[in-house]
Amino acid sequence: MERNLSLLVSTSPHLHAGDQVATAMKDVIIALMPVTLVACYFFKFNVPFLIMVCILTAMFTEVLFRRLMQKEPQLSDCSAILTGLLVALSFSAATPWWLAAAATFIAVGFAKEFLGGLGWNRFNPALFGRVSVIVFAPWLTYLNNEFFYWRVSFPGIDTITQATPLTMLQMGLPLPNMGTFFIATQGGGIAESSAFALLLGGAYLLYRKHITWHIPVSMMATVFIGTALLGQHPVYHLLSGGLLLGAFYMATDWVTSPITKKGQIIFGVCIGIIVVIFRVLLAPTEGVAFAILIMNAFVPLIDRLTKRLKFGEQKEQVISQHTVPAGTKMTVKN
Amino acid sequence: MVKTFERGISIPDYKELTENMPIQDLPQPSELIIPLRQHIGAPNRRLVSVGERVKAGQIIGDSDASVSAPVHAGLSGIVREIGSRLTQTGQLEDCVVIEVDPEQEELTCTADDATKLNKDEIVQRIRAAGIVGMGGAGFPTHIKIKPQTKVEYLILNGCECEPYLTCDHRLMLEYADEMIAGARILSHLLDDAKVIFGIEVNKQDAIDLVRAKLEKEERMEVVPLDVKYPQGAEKQLIYAAVGRSVPPGKLPAEVGVVVQNVATAKAVADAVIYRKPLTERIVTLTGSAAVQPGNYRVVIGTTLAHLLESTGGLKQDVAKIIMGGPMTGWAQKNLEAPIIKGCGGVIALTRDQAVAAQEYYACVRCGKCVDHCPMALYPSYIGMYAELGRYDLAQEWGAKDCFECGICAYVCPSHRPLIEFIRQSKRA
Ligand code: SF4
Ligand code: SF4
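As the structure is a prediction and not an experimental result, all values here were calculated from the model. Numbering of residues starts from 1 in each chain and follows the order in which that chain's sequence is written. For naming, the first written chain is A and the first written ligand is 1, with later ones following in the order written. It should be noted that, the model being predicted, local features are given only for residues of pLDDT at least 70 and side-chain atom pairs only at 80 or more, the latter also being counted only at that level, while totals for whole chains, interfaces and linings use all residues. Water and hydrogen atoms play no part in the side-chain values, which are based on all heavy atoms of the structure.

This part covers the interface of chain B and chain A. On the side of chain A, 42 residues touch chain B, which itself brings 74 residues to the contact. Once two parts are brought into contact, the accessible area they lose, counted with a 1.4 Å probe and summed over both, makes up the buried area. Counting the surface lost from both chain B and chain A, the interface buries some 5,100 Å², and carbon and sulfur atoms represent 61% of this. Broken down residue by residue, the surface that chain B buries against chain A is led by B:V364, B:R365 and B:Y378, which jointly contribute 13%. Any Lys or Arg side-chain nitrogen found within 4 Å of a carboxyl oxygen on Asp or Glu counts as a salt bridge. Viewed at the interface, chain A and chain B are joined by three salt bridges. The shortest N-O distance in the salt bridge between B:R365 and A:D303 comes to 3.0 Å. When checking whether two residues touch, look at their non-hydrogen atoms; a contact exists if any pair is within 4.5 Å.

Okay, the pattern of salt bridges next. This structure, assessed with the given rule, holds 27 salt bridges over all chains. A:E72 is the partner of A:R67 in a salt bridge, and the nearest nitrogen-oxygen pair spans 4.0 Å. Per-residue accessibility, obtained with a 1.4 Å probe over protein chains only, is compared with the maximum for each type, and a residue is labelled buried under 20%, exposed over 50%, and partly exposed between these values. Among the residues examined, A:E72 registers a relative accessible area of 59% and is labelled exposed. One salt bridge connects B:K426 with B:E404, and the closest N-O pair in it is separated by 2.8 Å. On the criterion of sequence distance, the pair formed by B:K426 in helix α13 (residues 418–427) and B:E404 in the loop between α11 (391–396) and α12 (407–411) is long-range, its members being 22 residues apart. A run of H or I in DSSP counts as a helix once it spans at least four residues, and a run of E counts as a strand once it spans at least two, with each numbered from the N terminus.

It is worth spelling out the side chain of A:S90 at this point. Residue and element names in this part refer to chain A. Mapped onto the elements of the fold, S90 is located in helix α4 (residues 79–90). On the basis of relative accessible area, S90 is assigned to the buried category, the value being 18%. Here V87 takes part through its backbone oxygen, which lies 2.7 Å from a polar atom of the side chain of S90. Residues within four places of S90 in sequence aside, it is in contact with R130 and G189. Pairing of N or O atoms within 3.5 Å defines a polar contact, subject to two protein rules: one partner must be a possible hydrogen donor and the other a possible acceptor, and residues neighboring in sequence count only if both atoms are side-chain atoms.

What follows concerns the sheet that holds strand β12 (residues 257–261) of chain B. Backbone-to-backbone hydrogen bonds join strands into a sheet, with any given pair of strands oriented parallel or antiparallel. Residues and elements named next belong to chain B. Strand pairing is assigned whenever DSSP detects at least two bridges linking the two strands. The four strands lie next to each other as β11-β10-β9-β12, forming an open sheet whose pairing is parallel. In the strand order of this sheet, the two ends are held by β11 (220–225) and β12, each with one partner. Adjacent strand axes in the sheet meet at a mean angle of 25 degrees when their direction is disregarded. In this sheet, β12 lies alongside strand β9 (residues 153–158) in parallel orientation, the contact comprising five bridges. In the sheet register, N157 faces β12, and the bridge partner there is N261. Lying over the sheet, helix α4 (residues 176–189) contacts β9, β10 (194–200), β11 and β12, oriented at roughly 140 degrees with respect to β10. Axis definition: a line fitted to C-alpha atoms, over the contacting stretch in the case of helices. Angles run 0 to 180 degrees between N-to-C directions. Where helix α6 (residues 234–242) meets the sheet, its contacts fall on β9, β10, β11 and β12, and the angle it forms with β9 comes to roughly 115 degrees.

As structure tokens, then:
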């Protein structure tokens, strides 16, 4: 027999389940397609245009930052594409392209690559980018005026009702019919076009086992109960203001959510509480994004607090078995 | 409801390649390479020298240390060399190389009346036969059956939860009587501990056969277990079969249980009743690149090269050869390593089936490793801290309690070499 075989040598295990990061990223992108299509129907070419701008910016930013940090670009994991898509979907269709591009640049460049790349980021990049442009809004309004002529807009945009159900709720305006609201409505962010489409995508992610029910359910249940207790319409709260997008696609982000199921429930409940506080008591509309980002910061703490016992470990065992009364002296012989 | 443990994972088992193939003898090898140490514990001293004739069954290495087990020559021949040779783990070990006589004397062992032996004599026979755990651990059996604490259960491990392997399955079918006799002897040594055969339900024929044979036994039973990896890991098996948890860093005997592999039990019967030393074992040769997959009776010390040559060689596009199971075994760089007492399988894989070490990415915290870790550790954190060189923190998240079942690396979508990270953290 040939003695000089060339054999692969690697550490055990010699089997792999076949999961890839890219598969999960692609599946999230697929899950976001229904809502994207509904939005395209409402806002016409403005939606694909904004999405293209964000995705290209995301890919460009990743390559730029990784080159600057002397690392190989990692576009094949599809995470840049997903971040770009998520940033685009979190804006309204009338958003100027350069604002969305700026948010994407911050998301991928600073919230992700600058911190070490996918896996090392503490905050959800898409939300971080989205919220940054809100925080810098006054300054950006100035830019908006400066760059006014750079605006690109396609037919379809003028039909947008700027008031979202959430603002109507806050202003005491009559609400749209619940049924149409659930299936599809115009107003608010691109991803708010259809609660049904978002749930469809969420179901796909659950089915593909990329996410589990723990975060979305605990988050939505908390918002539902919280707003109901405070005398609001819980269902409208659930279906608007990016809550579903946040619950199924943002808060469930692997990298920035707790690693155990118990931690994920705590995480979801806390996000829900913060959302209720923001919406009912403080009244801004971007409550979900802020709530998730705030809780992102607590993920390492939640992981530590919910650390489970090892197999066979008992609580008491943690206490040292070698206890010595206080004040005992030790003699060291030389 | 079949019993099982918490977490773990189901893995495609590929056992259909060999599970229905009866045990066959391998043609006699012309050379044996016998590592002097095939157990956990003190190394053996060689008892033969170069040029010496050895008889089949002769002890060639032993030690005075209590945690040790002698090794024997499986066939008669002449000692050609004593020196370092490559073994299955990729490490060099002192080995006795024997040029085997082409004509072997027929070795006949006659049964003794083992009921006349006292316990010390039985333990002595087990030690003299060089019996160690044959499921891979290699812990000397005569030590394991003399625990300090009272033992209520003796669990016979017939799970064979590693994919591909079928050697224990065939042994249970073809040597059920010997295995049960061995179990009876071991139970007797453990002051009549209750005997439980833990067998995964993918071996229903073995469950049925052993059950039928145990019909009249009061203190022996079969407990069917779910097909899940690592069902055959000691702590997981104990939890599944009798519902007891062995605390970290403790031995099963401390919760009143001793576990023995089914092949070990058969070897015990051979040793005590026939005084036959452990010089052969059943090995599953399998995988997409094996020409004649099957279950073979192999003399300890037979090289991989001989095993493969005498079974039709390898397919052209062979890419990886593993000794042991696919989840915990070792990839070989050549065919020099010999079969040892704890090696139950040789798996040859073609390129499309073989996993190569590949580029890996940062942990994306998907949680899969945490969800499936049978020890409830945090492989993600262990890996991350090991990568950062913070081995103290890696240990805080459980590195030392890992028994390297391989699940975490098996599920990781970032292809992180978690077992390597864990080994580094343990050493630190
Ligand atoms: S950490 Fe150890 S015990 Fe846990 S899955 Fe990984 S190899 Fe298995
Ligand atoms: S399976 Fe891999 S990527 Fe997922 S949490 Fe564990 S180490 Fe991280």
